[in-house]
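Listed below, chain by chain, are the residues.
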Amino acid sequence: MKNHYQYIIVGAGCAGLQLADALLNDPGIEIDSLLIIEASEVHEEKTWCFWYAEEHRFSHLVKKTWNSIAFRAKSTSVKAALPDLCYQYISSTDFYAYQLSSLRKDTRVTFLFEPVNSIEWNMGNRQVHTPSGSITADYIFHSHQLSAPTNPTLWQHFLGWEITTDSDVFDPATATLMDFSDATASQEVFFHYILPYSSRHALVECTFFSKELLDQTAYEILLRSYIEKNLTTNYQIVVKETGKIPMTITAASEFPASSGIIPIGSAAGCIKASTGYSFTRVMRHTQQIISFLKKEIDHIPSPSSSRFLFYDRLFLSLIQQYPQKMPRIFASLFKKNKIQRILRFLDERTRLWEEVMIFSRLPKKHFLLVLFNSKK
């Protein structure tokens, strides 16, 4: 292994591998050496879902698409078609296998599987320190917040069961983004999420937005109760999936923009704080990095504008202060707005007048209370 590389990517996850793919395949970038550092060769299975309107670099990895989505609460049921979009699912296992197979065939790429102790910038020198020693680079990209708070504002945490059934149970054309029908007036926001792969095969998840995580048994009780009450009592569990996503506003990088040490993925704020969605945000951020390296733009924009960061902070404060009100607020969001506008809003592609319309159709009392409390 060399002591110096043109590019170093710290973190071989979704963002790191997307960037590696873009660096190596963009005809406008000349690259002779790339080092990818990751603590382990083993990745946990994840389900990456997102809505998209057109073909993209990873379309061949999409395992399933849905042309409509549903929302449910105790007094509300909404099902809407997606005429200009489709909801897509990529398995992280397929993504990693494809990317790693391609990268390992490229002689310009070196892998180093060990932890990173620190990243330093001093007098124009960029260094990554690992147990094996120090390595320098022209550019260093890192996907981990080096000074991240140990306790985020909230966690999105979940248990999912991929199940098969003996009879037709699911609508394979419709993904259920949120089902609050089993929600109680508790101090935690929780709902269920259904991705049907066929009429007899689906991923069913129990998802929480809260500060504290749960014992495994608590998720299992809620998930089993929901399935047997609302879906079927005859099912087999094929795969289990657990996870937690920080719902927090990403802190600014500790390195100046001119340092050549560039955050990506979660370190750059590519996980949207209010939803946990990240895949398409990573795609957009990756293209901005490529444009910056090609000198098409003079800086890399933040994944979120100040306006949408304000909305995210408002939403997180609302969950913390009034979690029992969230099913009603989400019900108003889905019932009183067109689904295309909701998805554009969540994707941060709406204009200000559209956002005014969305907020005008939501219960206002608790939004105003949150704003009032934030100014104290």
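Trainee: Any details on the overall build of the protein? Residues and values, ideally.
Mentor: A tally of helices and strands in the protein yields nine helices and 17 strands. By principal-axis analysis of the C-alpha atoms, the protein measures approximately 60 × 55 × 40 Å. Out of the 376 residues in the protein, the part that is buried amounts to 52%. Taking as baseline every contact in the protein between residues at least 6 positions apart, the subset at least 24 positions apart corresponds to 74%. Carbon and sulfur atoms form 51% of the exposed surface of the protein, whose accessible area is close to 18,000 Å². Measuring between centres, the 39 positive side-chain charges of the protein sit 10 Å from its 37 negative side-chain charges.

Trainee: Report on helix H8 (residues 352-360), specifying residues and quantitative values.
Mentor: Residues of H8 that are buried: Glu354, Glu355 and Ile358. Burial along H8 is one-sided: seen end-on, the buried residues are contained in an arc of 100°. Facing away from the buried side of H8 by over 90 degrees, the exposed positions are Leu352 and Val356. For H8, the elements touching its buried residues are helix H5 (306-321), helix H6 (326-336) and helix H7 (339-346).

Trainee: Before we move on, can you summarise the side chain of Gln18 with the specific residues and values?
Mentor: Here Gln18 shows up in helix H1 (residues 14-25). Owing to a relative accessible area of 4%, Gln18 belongs among the buried residues under this scheme. With residues up to four places along the chain from it excluded, the contact list for Gln18 reads Phe58, Phe95, Gln99, Phe279, Val282, Met283 and Thr286.

Trainee: Summarise the pattern of salt bridges; cite the residues concerned and give the values.
Mentor: For the structure on display, the rule yields 18 salt bridges. For the salt bridge of Arg72 with Asp179, the shortest nitrogen-to-oxygen distance reads 3.9 Å. Here the residue Arg72 occupies a position in strand S5 (residues 68-73), and Asp179 occupies one in strand S13 (residues 174-179), the gap between them amounting to 107 residues. A relative accessible area of 4% means that Asp179 is categorised as buried. Of the charged contacts, one joins Lys79 and Asp171 as a salt bridge, the two residues approaching to 3.0 Å between their closest N and O atoms. Taken together, the positions of Lys79 in strand S6 (residues 76-81) and Asp171 in the loop between strand S12 (154-165) and S13 put the pair 92 residues apart, joining distant regions of the chain. Accessibility expressed as a relative area gives 57% for Lys79, which makes it exposed.

Trainee: Lay out the packing of aromatic side chains with the relevant residues and their values.
Mentor: Throughout the structure, instances matching the rule amount to 33 aromatic pairs. Taking 5.9 Å as the distance between ring centres and 65° as the angle between the ring planes, the aromatic pair formed by Phe95 and Tyr96 counts as edge-to-face. Of the two residues examined, Phe95 and Tyr96, each falls in the buried class. Seen from their ring centres, Tyr311 and Phe345 are 5.7 Å apart, and the 45° between their planes marks the pair as tilted.

Trainee: Could you give an account of the environment of Lys240, naming the residues involved and the relevant values?
Mentor: Mapped onto the fold, Lys240 is located in strand S16 (residues 235-247). Spatially, the C-alpha atoms of Lys240 and Ala81 are 29 Å apart, while their sequence positions differ by 159 residues. If we skip the residues at most four places from it in the chain, Lys240 touches Gly160, Trp161 and Glu220.

Trainee: An account of helix H2 (residues 92-104) is needed here, citing residue identities and associated values.
Mentor: When the terminal C-alpha atoms of H2 are compared, their 18 Å separation across 13 residues agrees well with the 18 Å that a helix rising 1.5 Å per residue should span. Every buried residue of H2 is accounted for by Ser92, Phe95, Tyr96, Gln99, Leu100 and Leu103. With its buried residues spanning 110° around the axis, H2 presents them on a single face. Packing partners of the buried residues in H2 comprise H1, strand S2 (34-38), strand S3 (47-52), strand S7 (86-91), strand S8 (109-113) and helix H4 (279-293). In this structure Ser91 caps H2, since a side-chain oxygen of it lies 3.2 Å from the backbone nitrogen of Thr93.

Trainee: Outline the pairing of S6, supporting the account with residue identities and numerical values.
Mentor: The side-chain alternation of S6 yields one buried face, formed by Thr76, Val78 and Ala80, and one unburied face, formed by Ser77, Lys79 and Ala81. Of the pairings in the sheet, the one linking S5 to S6 comprises six bridges and is antiparallel in character. Directly across from Ala73, in S6, lies its bridge partner Thr76. The hairpin formed by S5 and S6 contains two residues between the paired strands.

The rules behind these values
- Residues numbered from 1 in each chain as written.
- Predicted model: local features only at pLDDT ≥ 70, side-chain atom pairs only at ≥ 80, totals over all residues.
- Heavy atoms only, no water.
- Helix = DSSP H or I, 4+ residues; strand = E, 2+ residues; numbered from the N terminus.
- Buried < 20%, exposed > 50% of the residue type's maximum accessible area, 1.4 Å probe, protein only.
- Contact = heavy atoms within 4.5 Å.
- Areas by Shrake-Rupley, 256 points an atom, 1.4 Å probe, with all protein chains shown as cover.
- Lys, Arg positive; Asp, Glu negative; His and termini not counted.
- Charge placed at Lys NZ, Arg CZ, Asp CG, Glu CD.
- Arc of directions from axis to C-beta.
- Salt bridge = Lys/Arg side-chain N within 4 Å of Asp/Glu carboxyl O.
- Phe/Tyr/Trp six-rings, centres within 6.5 Å; stacked < 30°, edge-to-face > 60°.
- Expected span 1.5 Å × (residues − 1).
- Polar contact = N/O pair within 3.5 Å; in protein donor to acceptor, adjacent residues only side chain to side chain.
- Pairing = 2+ DSSP bridges.

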